Amino acid sequence: MKWTWTIIALLAAALAAGCAHKKGFEKPGFAYGCPIGDAKISSMEDLIKAKVLTEGKRTTIQATEIRCTMTSDHLRIDANLNNDSSKVKRINYKFRWIDREGMRAWEEEVWKPLLMYENSNLMVSSIAPTNKAVDFRLILLSQE
Amino acid sequence: MTYPSHTRRLALLPLVAVALAAGCAQEKTHYGDEKAVETVTNQFGSTDLQMIAESMTRSMLQTPIIVSGNLPIVTVQEVKNKTSEYIDTRSITDSIRAELQKSGKVRFAVDAAAMQQQVEELQRQQSELYEKEQAAEKGKMVGAQYRMEGNITSIVKQAKDVKDVYYKFNLQLWNIRNGLLEWTDEKQIRKTTSKG
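Cut-off values and rules
- Residues numbered from 1 in each chain as written.
- Chains lettered and ligands numbered in written order.
- Predicted model: local features only at pLDDT ≥ 70, side-chain atom pairs only at ≥ 80, totals over all residues.
- Helix = DSSP H or I, 4+ residues; strand = E, 2+ residues; numbered from the N terminus.
- Buried ≥ 20, exposed ≤ 12 C-beta atoms within 10 Å, placed from the backbone.
- Contact = placed C-beta atoms within 7 Å.
- pLDDT = per-residue confidence, 0-100.
- Axes fitted to C-alpha atoms, helices over the stretch in contact; angles between N-to-C directions.
- Parallel < 35°, antiparallel > 145°, perpendicular 65-115°, else oblique.
- Left-handed = near helix turned anticlockwise from the far one by under 90°.
- Nonpolar A, V, L, I, M, F, W, Y, C, P; charged D, E, K, R; others polar.
- Pairing = 2+ DSSP bridges.

**Student:** Honestly, the overall build of chain B in this entry has me stumped. Any pointers?
**Tutor:** Tallying secondary structure elements over chain B gives five helices and five strands in all. Listed N to C, the secondary structure of chain B is α-α-α-β-α-β-α-β-β-β in terms of helices and strands.

**Student:** Before we go on, may I ask you to explain the overall build of chain A in this structure?
**Tutor:** What chain A contains, in helices and strands, is two helices and nine strands. In chain A, which comprises 144 residues, the proportion classed as buried is 24%. Of the contacts formed within chain A by residues at least 6 apart in sequence, a portion of 64% connects residues at least 24 apart.

**Student:** Just to check I follow, could you spell out the environment of Gln62 of chain A for this structure?
**Tutor:** Along the chain, Gln62 of chain A turns up in strand β4 (residues 61-71). The spatial distance from the C-alpha of Gln62 of chain A to the C-alpha of Val52 of chain A is 9.1 Å, given a sequence separation of 10 residues.

**Student:** What exactly am I supposed to notice about the confidence of the model for chain B here?
**Tutor:** Low-pLDDT portions of the prediction should not be read for the details of their coordinates. Within chain B, residue pLDDT values average 90, and 88% of them lie at 70 or more. With pTM at 0.83, the complex prediction returns an ipTM value of 0.80.

**Student:** Is there a simple way to explain the packing of helix α2 (residues 46-60) of chain B against helix α4 (residues 89-103) of chain B in this structure?
**Tutor:** The angle between the axes and the distance between the axes are what describe a pair of packed helices. All names here are of chain B. At a minimum axis separation of 9 Å, α2 and α4 run at an interaxial angle of 40 degrees. Between α2 and α4, the crossing angle belongs to the class labelled oblique. Crossing geometry of α2 relative to α4 is assigned as right-handed. Note on element contacts: α4 touches α2 through Ser91, Ile92, Ser95, Ile96, Glu99 and Leu100, opposite Leu49, Ile52, Ala53, Met56, Thr57 and Met60. Taken together, the residues of the contact of α2 with α4 sort by class into eight nonpolar, three polar and one charged.

**Student:** Can you walk me through the environment of Trp174 of chain B in this structure?
**Tutor:** All names here are of chain B. Along the polypeptide, Trp174 turns up in strand β4 (residues 162-175). In this structure Trp174 comes out as partly exposed when scored by C-beta crowding, with 19 C-beta atoms within 10 Å. Along the sequence, Trp174 and Ser95 sit 79 residues apart, while their C-alpha atoms lie 19 Å from each other.

**Student:** Would you mind going over the interface of chain B and chain A with me for this structure?
**Tutor:** Frequently, the measure chosen for interface size is the accessible area that the parts lose on association. Each side of the interface is counted separately: chain B has 14 residues, and chain A has 14 residues. Elements that contribute at least two residues to the side of chain B that touches chain A include exactly α2 and α4 of chain B. In terms of residue count, α2 of chain B provides more of the side of chain B that touches chain A than any other element does, six residues in total.

**Student:** What am I meant to see in the sheet that holds β4 of chain A here?
**Tutor:** Each strand in a sheet pairs with another by means of backbone hydrogen bonds, the pair being arranged parallel or else antiparallel. Residue and element names in this part refer to chain A. Taken in spatial order, the three strands line up as β4-β5-β8 in an open sheet, and their pairing is antiparallel. Strand pairing shows two members of the sheet lacking a second neighbour, β4 and β8 (120-127), which therefore form its edges. On average, each strand axis in the sheet is inclined to that of its neighbour by 15 degrees, with strand direction left out of account. Pairing analysis gives 10 bridges linking β4 to strand β5 (residues 74-83), with the strands arranged antiparallel. Paired with Thr69 across the strands is Arg76, a residue of β5.

Given below as structure tokens:
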């Protein structure tokens, strides 16, 4: 009897392990809807590392989530920024649009100032100015 | 009343110091980043203009009449300045027009402001100075299907040490044939200046 229960438990564990495979992305070359090319992206952290550049001084404001979608053949980005500091922070941000050849698909955007309350999240969105833009970078510049 | 000579010399010292300081305070000029956030004063500035143009262009490019790919023909009309300060609204619409034209999804017909020059050029080409076959003919201009107009308003509040300015820029795209509003969007900007 004891053996039967042990076998059932082992079978259940094996089944659970089989189902809990690593999350795959629905489209090759894309992660969370964002273009990734040949980059090895297996988590949101990897995606943020690949797409977010920080310039200037170190800041407590961090991108925590990026999602992309195509809206009428233009790449659209939603990026969540988080200020986990107990102080109001100011930051500038812009998107850089990249074409299929890895060149700039559009001229550099204007820096957009942003005020973030203490311990808050803010979603910044943008849409590519041209359908030639197939990739992007979110650039953060601290104002501290 | 006469002062001793050394007292007179001492009295001249501050004047000499001021003159020297003025002479040393040289002006420095350098090029800056035209896309940088400008916060010299809280009046309407280059960052506001660029943010408005960028935001309006991106939004307008998503409107169905532009997405359809039919290359709609638009004419630019006035953006009314309803704020208390001087704003060159033509500069804002020029930036929006440049971005839209660059996208290759919109065409622009000559607007009222440029009509005089357009007519003059047509008439000049109709003169005997030009070869008839190559000269631009009258009656061939294409009318716009849509007109773009808008307004900018502001609310200014000022207390002892704080000045708060809120701008609201509204842009609309009207169908000239049927008078329908095809697209509209707003960009809001708040700037606060505090002393100390």
